[in-house]
Amino acid sequence: MYIVGLEGTAHTLGIGILDEKGTILANLMKTYKPKEGIHPREAANHHAKEFVPTLEEAISKAGIVRSDIGLVAFSQGPGLGPCLRTVATAARALALSLNVPLVGVNHCIAHIEVGRLTTDCDDPVLLYASGGNTQIIAFTRGKYRVFGETLDIGIGNMLDKFGRENGIPFPAGPVIEKKAKKSNSLIDLPYSVKGMDVSFSGILTAALNSKAPMNDLCFSLQETTFAMLTEVTERALAHTGKKEVLLGGGVVRNKRLREMVEVMTEERGAKAYAPPGPLCVDNGAMIGWTGFVMHKAGSETPVEKSGVIQNYRTDEVDITWRK
Ligand code: ATP
Ligand code: FE2
C-alpha cells in the first residue's frame, strides 16, 4: 500500500508518495511566488492549476500506479482558507475516486512526525520557524502542546516583509542570510521575548526605520530574532526535561540559526536534529507520513468531517499514536 500526502496550507502545493515503512518515493513541491505579499486566492488558483500535473508527475516518479494508492492524507489546517479549501477539495475527490480512506492532518504536527521519521530524535521539543508559523511544541500528557509562539507575525514573514521593502525578492530569508555573513556589527533592535512567547513586528518596524547599512541590518535581524528563538527553546527544554530539539520550517534552513541552537543544546547536554532541507519546508511527504501513523492508530476523516480548519490548534489533536 502506498500513501499520498497533499500539502496546501500556504504558498506551496506539495504532493508526496510514501510506502508503509516511510520510504519517500516522491516529494514534489510547486511554490507560488508572489511579487508582492501573498494573495491567498492567487496561491489557491496556482495550487488548482498545478494539482493534476503534479500528481501525475509524483505517481510516475514513485513508479507506482493509481490502484496502488491505499490512503490519501491532506493538510486540514492551520493555513490560508482558499489554499486549504482547494487542496482539501482535490484530496476528497482523489480519495473518493480511488475508494480509499481520507485522513485530515494538522500541518504543525506533520513537521514533528517527519522529523521523528527521518532523524534519530524520538521525543523532541520542536522549534518550528516558517513563514506563517513560529511555535515551540512538545509532547506532554497525550498532546503536542505549544509552549511558546509568536504573538504577531511568523519569523519568515517578518524576514520576507523586510526584504520586500528593501527590494529583495521573495523568499528573502536566504538573501538576508548571505548579507548577514558580510557583517559583524550589531545594531540595537528590540529584543522581544514575553514569557515563553516572542514577537517580531516591533523589530520589523525598527529595522525598516533604521538608516544603518543593509548588511548590518541583516546581521542584527538574524542575531536578535534567532537569539529570541533559542532562548524560548532552551526554556522549553528546561521545563519539559527533554533532551532533543527538532528543527522544522523554512527558516531553520538558516545556518546561523542552526548554529545557535546547536551551541545551546550542547551546553545543556542535549542534541539538535533537523530533517533534510526539503523536509524542513512545507511538503506532501510529511502530511502523508502523519496521515499514515494516524490511520494506523485508527483515525479516519469522513468526507462530511473533512472541512478545513484555518486556525487548527496543535493541541486540539489527540495523539493516539504515541504513548
Ligand atoms: P508555513 O505554512 O509552514 O508557515 P511557509 O510557506 O510560510 O509555510 P516554509 O516553506 O516552511 O514556509 O518556509 C518559507 C520561509 O522560510 C520564507 O519566509 C523564507 O524567507 C524562509 N527561509 C527560507 N530559507 C531561509 C534561510 N536560509 N534563512 C532564513 N529564512 C529562510
Ligand atoms: Fe509549515
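Structure's up top.
These figures come from a predicted structure and were not determined experimentally.

(A) Representation of the sheet that holds strand 2 (residues 12-19). Ordered by their spatial adjacency, five strands build an open sheet running 3-2-1-4-5, and the pairing between neighbours is mixed. Among the strands making up the open sheet, the edge pair consists of strand 3 (24-31) and strand 5 (102-106). Ignoring strand direction, the axes of neighbouring strands in this sheet form an average angle of 20°. In terms of strand pairing, strand 1 (residues 2-7) meets strand 2 through six bridges, oriented antiparallel. Bridged to Y2 within strand 2 is D19. In the packing of helix 2 (residues 81-98) onto the sheet, contacts are made with strand 1, strand 2, strand 4 (69-77) and strand 5, and the angle to strand 4 comes to roughly 160°. Contacting strand 1, strand 2, strand 4 and strand 5, helix 3 (residues 107-118) runs over the sheet at an angle of about 95° to strand 5.

(B) Seen up close, helix 8 (residues 255-267). Relative to the 18 Å expected for 13 residues at 1.5 Å per residue, helix 8 spans 18 Å between its end C-alpha atoms, a close match to the ideal helical length. The complete set of buried residues in helix 8 reads L257, M260, V261, M264 and T265. Projected onto a plane normal to the axis of helix 8, the buried residues spread over an arc of 130° and lie on a single side. Turned more than 90 degrees away from the buried face of helix 8 sit K255, E266 and E267, all of them exposed. Looking one or two residues past helix 8, G269 carries a phi angle of roughly 70°, positive in sign.

(C) Quick look at the pattern of salt bridges. For the coordinates displayed, the defined rule picks out 12 salt bridges. Across the pair D122 and R116 runs a salt bridge whose closest N-O atoms are separated by 3.4 Å. Judged by relative accessible area, which is 22%, R116 ranks as partly exposed. As a salt-bridge pair, E149 and R313 come within 3.5 Å of each other at their nearest N and O atoms. A residue pair is termed long-range when its members are at least 10 positions apart, and E149 in strand 8 (residues 143-149) and R313 in the segment after helix 10 (284-296) qualify at 164 residues. What makes E149 partly exposed here is its relative accessible area of 22%. Each of the salt bridges in this network shares a partner with another, and the network as a whole consists of E113, R116 and D122.

Reading guide: rules and limits
- Residues numbered from 1 in each chain as written.
- Chains lettered and ligands numbered in written order.
- Predicted model: local features only at pLDDT ≥ 70, side-chain atom pairs only at ≥ 80, totals over all residues.
- Heavy atoms only, no water.
- Pairing = 2+ DSSP bridges.
- Helix = DSSP H or I, 4+ residues; strand = E, 2+ residues; numbered from the N terminus.
- Axes fitted to C-alpha atoms, helices over the stretch in contact; angles between N-to-C directions.
- Contact = heavy atoms within 4.5 Å.
- Expected span 1.5 Å × (residues − 1).
- Buried < 20%, exposed > 50% of the residue type's maximum accessible area, 1.4 Å probe, protein only.
- Arc of directions from axis to C-beta.
- Salt bridge = Lys/Arg side-chain N within 4 Å of Asp/Glu carboxyl O.

Read these as geometric descriptors, not functional statements.
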